[in-house]
Amino acid sequence: MTAISLPAGLRGLFDAQHRASRAHPVVPLALRRERLLKIQALLEMHGAALAAAVQADFGVRSPQLTEVADFFVLRTLLAGALKNLPRWMKPVKVRTPLYLQPSRAWLQRQPLGVVGVISPWNYPLQLALGPVITALAAGNRVMLKPSELTPKTSALLAALLGQAFAPDEVCVVQGDAAVAADFAALAFDHLFFTGSTAVGRKVAAAAAANLTPTTLELGGKSPCIIDVSCDLSQAALKIAHGKLLNAGQTCIAPDYVLLPRGREAEFGKAFARAVKQLFPVMEGNPDYAAIINPHHQERLQALLAQAQGAGARLQVVGGEGLAKAGAGASRQMAPVLVFDVPADARLLNEEIFGPILPVLAYDSLDEAIEYVNARPRPLALYWFGSDAARRDEVLERTVSGGVTVNDTLMHIAHPALPFGGVGDSGWGAYHGEAGFLRLTQQKPVLLQSRWARGDLFYPPYGKRLERVLGLVKRII
């Protein structure tokens with residue numbers, strides 16, 4: 001499948017899918033299963049080639065990391081959809097109130113039509129095919145625009161999906177940001193975007209021109225709150241894993257740590273031990289991913305330099321032989337803890353998306369909660385401790401896209417938990433039935449009975465209607 005870059009080409013692909021969706025609004029279970037099984041077969045037959053393409057795009061990224069972070073999630077989504085589709089697709093009976101009986105009511109679940117998916121570079125398989133799987137399960141046709149920052153992966157996805165599907169079922173559009181802008185301007189029945197908050201705003205604005213509903217999976221600054229009741233060694237290991245998976249290039253990676261004042265040095269030592277356990281050697285270690293490109297490498301360098309220049313203290317952790325900001329051909333960056341960060345530092349006001357972790361001290365739980373709530377609502381929140389009452393207080397008083405307690409990242413691995421953001425971290429959620437319903441029209445249907453007496457509410461109005469309304473008021 002060749003790259004499509006001209007608006008006319010985009011329009012032709014979209015029009016073909018749009019016509020097909022309107023000509024075939026009924027998408028039976030067998031056809032949905034067939035399409036999902038094609039994705040499953042693609043992963044089984046070409047998984048090694050896809051992982052190699054991801055590795056080539058990153059420079060350093062082991063196939064095992066892609067297996068854990070991309071393929072595992074996709075396989076759980078496929079398994080859940082294949083198992084539950086018969087139940088998800090069934091009409092849902094809705095209880096009819098006494099004053100409308102003997103009519104019947106139900107929700108009829110139908111495909112929306114054509115779903116557009118704009119996917120990012122950091123998990124170029126999971127975050128491209130996950131929404132595609134969800135859209136196909138819901139009976140839709142899909143146009144996918146993968147990231148230009150992972151060109152080998154995007155090209156291979158285009159070729160493999162082009163072999164497996166007709167263009168009016170699933171197609172891939174390749175190109176740069178200008179192509180993405182044209183893509184977002186198409187009149188999809190739903191547009192699914194994963195990426196930064198800044199670009200998400202542009203996507204939402206483009207979709208609004210067509211009244212296209214959107215699902216925006218964005219980023220944000222996800223906090224780790226370490227409670228006074230916490231085992232710091234265990235927490236440090238789990239935070240290090242969540243932060244350093246894919247070298248911090250993860251939308252739900254811990255973005256900063258809040259811990260009780262006075263435990264900063266203890267945390268620094270525990271984090272260093274954890275990094276050594278996870279990555280005994282960092283330089284050249286394929287398990288420790290590279291920063292995606294020089295531009296992002298320079299951005300991370302600038303974040304560190306600005307914070308250090310403002311008085312922050314840097315603790316470079318591990319990474320013997322690596323420059324602290326990932327200089328060099330491999331672009332592998334040593335993890336850095338940052339203490340005493342000024343409030344106006346860019347590190348505390350921009351999504352980091354790299355192996356840099358600010359550590360902030362708090363004096364009371366109220367102070368920690370107020371710090372989180374004073375900022376845009378995060379995509380994820382992590383809490384560590386053994387005090388259930390304090391845990392519940394944090395859960396009740398903060399709002400975030402998702403939460404993992406006493407670990408990081410793992411809520412995304414639960415196939416039945418909706419995954420999505422809130423506020424600046426996005427809107428809408430997918431995974432499991434929540435994703436199916438997000439990309440499904442639940443059409444309300446009321447079947448009126450021949451014995452219905454709706455005429456009691458017809459004009460001319462008078463005493464009869466007053467008696468009827470009086471009766472209805474007593475029974476509702």
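All values reported here derive from a predicted model rather than from experimental measurement. (Residues numbered from 1 in each chain as written. Predicted model: local features only at pLDDT ≥ 70, side-chain atom pairs only at ≥ 80, totals over all residues. Heavy atoms only, no water.)

Here we look at the side chain of T194
For T194, the position within the fold is in strand 6 (residues 190–194). Among the residues examined, T194 registers a relative accessible area of 7% and is labelled buried. Excluding residues within four positions of it along the chain, T194 makes contact with I118, S119, P120, L127 and E217. (Helix = DSSP H or I, 4+ residues; strand = E, 2+ residues; numbered from the N terminus. Buried < 20%, exposed > 50% of the residue type's maximum accessible area, 1.4 Å probe, protein only. Contact = heavy atoms within 4.5 Å.)

As for the pattern of salt bridges
Pairing is possible between side chains that carry opposite charge, provided their charged atoms lie close to one another. By the definition in use, this model includes 23 salt bridges. Note that D189 is salt-bridged to R22, the shortest N-O span being 2.8 Å. Taken together, the residues span a long stretch of sequence, with D189 in the loop between helix 6 (177–184) and strand 6 and R22 in helix 1 (residues 7–23) at a distance of 167 residues. What makes R22 partly exposed here is its relative accessible area of 42%. Ionic pairing is found between E393 and R397, a salt bridge with its closest N-O pair at 2.7 Å. (Salt bridge = Lys/Arg side-chain N within 4 Å of Asp/Glu carboxyl O.)

So, the packing of helix 2 (residues 29–58) against helix 3 (residues 63–89)
Relative orientation of the contacting elements helix 2 and helix 3 amounts to 180°, with a least axis distance of 10 Å. Comparing the axis directions of helix 2 and helix 3 gives the class roughly antiparallel. Broken down by class, the residue content of the contact of helix 2 with helix 3 amounts to 17 nonpolar, four polar and four charged. (Axes fitted to C-alpha atoms, helices over the stretch in contact; angles between N-to-C directions. Parallel < 35°, antiparallel > 145°, perpendicular 65-115°, else oblique. Nonpolar A, V, L, I, M, F, W, Y, C, P; charged D, E, K, R; others polar.)

Re a nonpolar patch on the surface
On the surface, L98, Y99, L100, L446, L471, I475 and I476 cluster together to form a nonpolar patch covering roughly 670 Å² of accessible area. Tracing the sequence through the fold places L98 in the loop between strand 1 (92–94) and strand 2 (104–111). (Patch = residues over 30% accessible without salt bridge, like charges linked within 9 Å, V, L, I, M, F, W, Y side chains within 5 Å. Areas by Shrake-Rupley, 256 points an atom, 1.4 Å probe, with all protein chains shown as cover.)

Observations concerning the sheet that holds strand 9 (residues 254–260)
The strand order 10-11-12-9-8-13-14 describes an open sheet built from seven strands, whose pairing is mixed. Two strands in the sheet have a free side with no partner beyond their single neighbour: strand 10 (313–316) and strand 14 (402–405). Direction aside, the axes of adjacent strands within the sheet are offset by 20° on average. Pairing geometry for strand 9 and strand 12 (residues 356–362), over four bridges, is parallel. The residue bridging P260 from the neighbouring strand is Y362, located in strand 12. Helix 12 (residues 388–397) contacts strand 8 (222–226), strand 13 (380–384) and strand 14 of the sheet and is inclined by roughly 165° relative to strand 13. (Pairing = 2+ DSSP bridges.)

Observations concerning the state of the cysteines
By the definition in use, this model includes zero disulfides. With no disulfide of its own, C224 has C230 as its nearest cysteine by sulfur position, at a separation of 9.9 Å. Residue C224 is classed as buried on the basis of its relative accessible area, which comes to 0%. (Disulfide = S-S within 2.5 Å.)

Considering the layout of surface pockets
Its boundaries defined by the atoms lining it, the largest pocket holds a volume of some 1300 Å³. Lining the largest pocket we find 48 residues, and of these G195, S196, T197, A198 and V199 sit closest to its centre. Contributing elements (two or more residues each) for the lining of the largest pocket: helix 6, strand 6, helix 7 (197–208) and helix 10 (294–309). Here the lining of the largest pocket gets seven residues from one element, more than from any other, and that element is helix 7. Each residue belonging to the lining of the largest pocket can be placed in one class, and the counts come to 23 nonpolar, 13 polar and twelve charged. Computed from the structure, the second largest pocket encloses a volume of approximately 300 Å³. Taken together, 16 residues line the second largest pocket, and the ones lying closest to its centre are V68, A69, L245, L409 and I412. Elements represented by at least two residues in the lining of the second largest pocket include exactly helix 3 and helix 4 (126–137). Considering every element that reaches the lining of the second largest pocket, the biggest residue donor is helix 3, with four residues. Each residue belonging to the lining of the second largest pocket can be placed in one class, and the counts come to 13 nonpolar, three polar and no charged. (1 Å grid on protein atoms, 1.4 Å probe; cavity = no way out; pocket = protein on both sides within 12 Å on 5 of 7 lines; lining within 4 Å. Points joined across faces, edges and corners; volume = space filled by probe spheres on them.)

Brief notes about the confidence of the model for the protein chain
Put simply, the protein chain has an average pLDDT of 93, and 96% of its residues get 70 or more. Across residues 1–6 the pLDDT falls below 50, and counting only partners more than four positions away or on other chains, this stretch makes 15 contacts in the model. (pLDDT = per-residue confidence, 0-100.)

Some thoughts on empty space enclosed by the protein
Evaluated as defined, the whole model comprises one cavity of 30 Å³ or more. For the largest cavity, the calculated volume is near 30 Å³. If you go around the largest cavity, the residues you meet are K243, G248, T250, C251, A253, P254, D255, E351 and F353.

Overview of unusual backbone geometry
For the bond running from Q101 to P102, omega is 10°, close enough to zero to count as cis. Tracing the backbone through its elements, the reader meets P102 in the loop between strand 1 and strand 2. Cis geometry marks the peptide bond from P459 to P460, where omega comes out at 5°. Within the element layout of this structure, P460 appears in the loop between strand 18 (440–447) and helix 14 (463–475). At D340, a position not held by glycine, the phi torsion is positive, near 55°.

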